[in-house]
Amino acid sequence: MIDPVLLREQPDVVRWSQQVRGSSPDLVDAALAADVARRTALTEFETLRAEQNAFSKKVGQAQGDEKKALLAEVAELAERVKAANAAANDAETAYHAAAGALENIVLEGVPAGGEADFVTLREQGTRATFDFEPKDHLELGEALGAIDMARGAKVSGSRFYFLTGIGARLEIALMNMALDRALAADFIPLITPTLVRPEIMSGTGFLGAHADEIYYLPADDLYLTGTSEVALAGFHSDEILDLSDGPLRYAGWSTCYRREAGSSGKDTRGIIRVHQFNKLEMFVYTTPEDAEAEHDRLVAWQEAMLQALGLSYRVIDVAAGDLGSSAARKFDIEAWVPTQDAYRELTSTSNCTTFQARRLNTRHRADGGKTTPVATLNGTLATTRWIVALLETHQQADGSVVIPEALRPYLGGLDRITPTPATTRPKADS
RNA sequence: GGAGACGUCGCAUAGUUCGGCCUAGUGCACCACCCUGCUAAGGUGGAGUCCUCGUAAGGGGACCGCGGGUUCAAAUCCCGCCGUCUCCGCCA
């Protein structure tokens, strides 16, 4: 939900934002009209209600014939109040629908255009080169006894997998390393619910254009979350926060579920794009004034993590048309994946300014003591997918993989993982 | 899954029997001031959230878990939902 005052006073800014996103600027005029209609209806209802309240007071005090006369007089007024109330409610609903269709105001400097129009802010680290034919992450993962796609498919279908042995340990190590780094930066760790109510799912803006990406459990009217961002954003809904000691930072650990409905045929090999994975997500509540600086801090923590893991990456400023409806700006970090000869997204961090908080009614007290919506930001610190870049980047000619130093403490000091003979891998009896 | 109790302005409570003196009382905590004079006590006053009209001063409206209904009028009566607690049942 965008700021209604901004909509009213600077509709051109909203039009511009819709334009650079490639969305319809006509929605702005529809929302403006709905706003006027809503306030007109509201004023009418309130005037009638005030009249009725005054009358009711008199009725309460009156006796006998006088009371009867007043009752007769007020009956018709009551009908009009009821009608006006209904009209005001309808106008309110219509306004919410119209204003809700507007996406967050894009920040100045965000590149216009679609998916391909991102701007690369910087590239870090040298891309891994090999004097042998590098294997892709799945070939490596299978040889290492780390990934088992076949059994994943047998048990749950395509895009499901087992992490086995060192694969399972690798993921836990990554997540723990990320958590330790988050803790060092004073994030509060949270393990979040992964099933949420419809209001929370829609409040975070995930039931819009991407509704078919989301698993839904009709028997319980609950949604499976594709990121802990959903629960983390809902955590402080309907609350007034105290931000006087600085931002509130949370690190949410959860399993994430995604239908990947629109991506059939894409990334079908391995664990790049799967229905279920784990993620450590940073989520920040801060003041609107601090949001852009915090956004940069989130990227810095992400970059430090990738650097510690010895990965080569680039940071991109995602174009307006490729932003989610809640995001005002988004930076993705993409790691170099040697066998794909391409950068692949490992993290994403969005500045949602006050858009998400307005929907979820999360506020703080500004200096004057007035309550005002907070800004929310989110960003990835580790996910299962990182294993792809790790395995491919650090692979050796003999099929072993060197563990980056920063990760070793989380693997009992292990500095290298080596292919396991097929006989020691989990295998079927017959 | 069954039965029951409950949900009130930050916290704790009163109010719901019998709808209107509820503009929701009281205690604690909070803020300002006064008195006192020193890690205390007392006094006075003030405080919530949201929407809306207005340049402003200042009006108006909504909010007693949420949403409907009855009524001239709902914290109070009726219905649905959500949540909490207790007991029973069931249980990877």
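Cut-offs and rules
Residues numbered from 1 in each chain as written. Chains lettered and ligands numbered in written order. Predicted model: local features only at pLDDT ≥ 70, side-chain atom pairs only at ≥ 80, totals over all residues. Heavy atoms only, no water. Helix = DSSP H or I, 4+ residues; strand = E, 2+ residues; numbered from the N terminus. Buried < 20%, exposed > 50% of the residue type's maximum accessible area, 1.4 Å probe, protein only. Contact = heavy atoms within 4.5 Å. Areas by Shrake-Rupley, 256 points an atom, 1.4 Å probe, with all protein chains shown as cover. Lys, Arg positive; Asp, Glu negative; His and termini not counted. Charge placed at Lys NZ, Arg CZ, Asp CG, Glu CD. 1 Å grid on protein atoms, 1.4 Å probe; cavity = no way out; pocket = protein on both sides within 12 Å on 5 of 7 lines; lining within 4 Å. Points joined across faces, edges and corners; volume = space filled by probe spheres on them. Pairing = 2+ DSSP bridges. Core = buried A, V, L, I, M, F, W, Y, C linked by side-chain atoms within 4.5 Å. Axes fitted to C-alpha atoms, helices over the stretch in contact; angles between N-to-C directions. Phe/Tyr/Trp six-rings, centres within 6.5 Å; stacked < 30°, edge-to-face > 60°. Left-handed = near helix turned anticlockwise from the far one by under 90°. Nonpolar A, V, L, I, M, F, W, Y, C, P; charged D, E, K, R; others polar.

Visitor: What's the story with the overall build of chain A in this structure? I'm lost.
Guide: Helix and strand content of chain A: 12 helices and 18 strands. When its C-alpha atoms are laid out on the principal axes, chain A stretches across 100 × 50 × 40 Å. Expressed as a percentage of its 430 residues, the buried residues of chain A come to 47%. Taking all contacts inside chain A whose residues are at least 6 apart in sequence as the whole, residues at least 24 apart take part in 72%. Roughly 20300 Å² of accessible area belongs to chain A as shown, and the carbon and sulfur atoms make up 51% of that amount. Across chain A, the mean location of the 43 positive side-chain charges is 3 Å away from that of the 61 negative side-chain charges.

Visitor: Sorry, what's going on with empty space enclosed by the protein here?
Guide: With a probe scaled to a water molecule rolled over the atoms, the places where space remains empty come into view. For the coordinates displayed, the defined rule picks out 1 cavity of 30 Å³ or more. Of the volumes computed, that of the largest cavity is approximately 40 Å³. As for the largest cavity, its lining consists of Leu 170, Leu 390, Leu 391, His 394, Val 401, Val 402, Ile 403, Pro 404 and Leu 407. Listed by contribution, the elements that provide at least two residues to the lining of the largest cavity are helix H12 (386-393) and strand S17 (401-402).

Visitor: Hey, could you run me through H12 in this one?
Guide: Owing to its 3.6 residues per turn, the α-helix aligns residues three or four sequence positions apart on the same side. Of all 8 residues in H12, 8 are buried, a share of seventy percent or more. Of all the residues in H12, the buried ones are Trp 386, Ile 387, Val 388, Ala 389, Leu 390, Leu 391, Glu 392 and Thr 393.

Visitor: Even after reading the chapter, I still don't get the pairing of strand S10 (residues 276-286), so can you show me in this structure?
Guide: On a regular strand, each side chain points to the face opposite its neighbour's, so the side chains alternate between the two faces of the sheet. Here S10 lies mainly inside the structure; 10 of its 11 residues are buried. Examined bridge by bridge, strand S9 (residues 248-257) and S10 share 10 bridges and lie antiparallel to one another. When the bridges of S10 are listed, Tyr 250 appears paired with Phe 283. One ladder, built from 8 bridges, connects S10 with strand S16 (residues 375-383); its direction is antiparallel. The residue of S16 that forms the bridge with Tyr 285 is Thr 376.

Visitor: What is the right way to look at the nonpolar core in this model?
Guide: Soluble, globular proteins show a tendency: their nonpolar side chains are buried together. Grouped together as the largest cluster of nonpolar side chains are 57 residues, with contacts concentrated most on Met 305, Leu 309, Leu 391 and Leu 407. Counting residues per element, this core draws most heavily on helix H7 (residues 166-184), which supplies 9 residues. Excluding anything up to four places from it in sequence, Leu 391 contacts His 137, Leu 140, Gly 141, Leu 144, Ile 147, Leu 170, Val 401 and Ile 417. Of all hydrophobic cores here, the second largest spans 14 residues; its members include Leu 7, Val 28, Ala 98 and Ala 99.

Visitor: Teacher, can you tell me more about the layout of surface pockets here?
Guide: Here the second largest pocket defines a volume of roughly 410 Å³. What lines the second largest pocket is a set of 23 residues, among which Asp 3, Leu 6, Pro 288, Thr 353 and Thr 354 lie closest to the centre. Counting residues per element, the ones that place at least two in the lining of the second largest pocket are helix H2 (11-21), helix H11 (355-360), strand S14 (362-365) and strand S15 (371-373).

Visitor: Even after reading the chapter, I still don't get the environment of Val 119, so can you show me in this structure?
Guide: Relative to the helices and strands, Val 119 is located in strand S1 (residues 119-124). Since its relative accessible area comes to 39%, Val 119 is described here as partly exposed. Separated by 104 residues in the primary sequence, Val 119 and Tyr 223 have C-alpha atoms spaced 34 Å apart. Residues within four places of Val 119 in sequence aside, it is in contact with Pro 111, Val 315, Ile 316 and Asp 317.

Visitor: Hey, could you run me through the sheet that holds strand S4 (residues 188-191) in this one?
Guide: The strands making up a sheet associate through backbone hydrogen bonding, with each pair oriented either parallel or antiparallel. Here we have 8 strands laid out as an open sheet, ordered S1-S11-S12-S13-S16-S10-S9-S4, and mixed in their pairing. Pairing within the sheet leaves two strands with one partner each, and these edge strands are S1 and S4. When strand polarity is set aside, the average angle formed by the axes of neighbouring strands in this sheet is 25 degrees. Across 5 bridges, S1 lies against strand S11 (residues 313-317) in antiparallel orientation. Bridging from a neighbouring strand, Gln 124 pairs with Tyr 313 of S11.

Visitor: Looking at this model, I keep getting lost on the packing of aromatic side chains. Mind explaining?
Guide: Both the distance between ring centres and the angle between the ring planes are used here to describe each pair of aromatic rings. Considering all chains together, one arrives at 7 aromatic pairs under this definition. Ring centres of Tyr 216 and Tyr 223 lie 4.6 Å apart, and the angle between their planes is 35 degrees; this geometry places the pair in the tilted category. Judged by relative accessible area, which is 36%, Tyr 216 ranks as partly exposed. Look at Tyr 223 and you get buried, because its relative accessible area is 14%. The rings of Phe 235, Tyr 250, Phe 283 and Tyr 285 are connected pair by pair, giving a single aromatic cluster.

Visitor: Even after reading the chapter, I still don't get the packing of H2 against helix H3 (residues 26-61), so can you show me in this structure?
Guide: How two helices sit against one another is set out by the angle between their axes and by the gap between those axes. The N-to-C vectors of H2 and H3 enclose an angle of 145 degrees; their axes lie 8 Å apart at closest approach. Crossing of H2 over H3 shows right-handed handedness. Contact residues: Pro 11, Val 14, Arg 15 and Gln 18 in H2; Leu 27, Val 28, Asp 29 and Leu 32 in H3. Partitioned by chemical class, the residues of the contact of H2 with H3 number 5 nonpolar, 1 polar and 2 charged.

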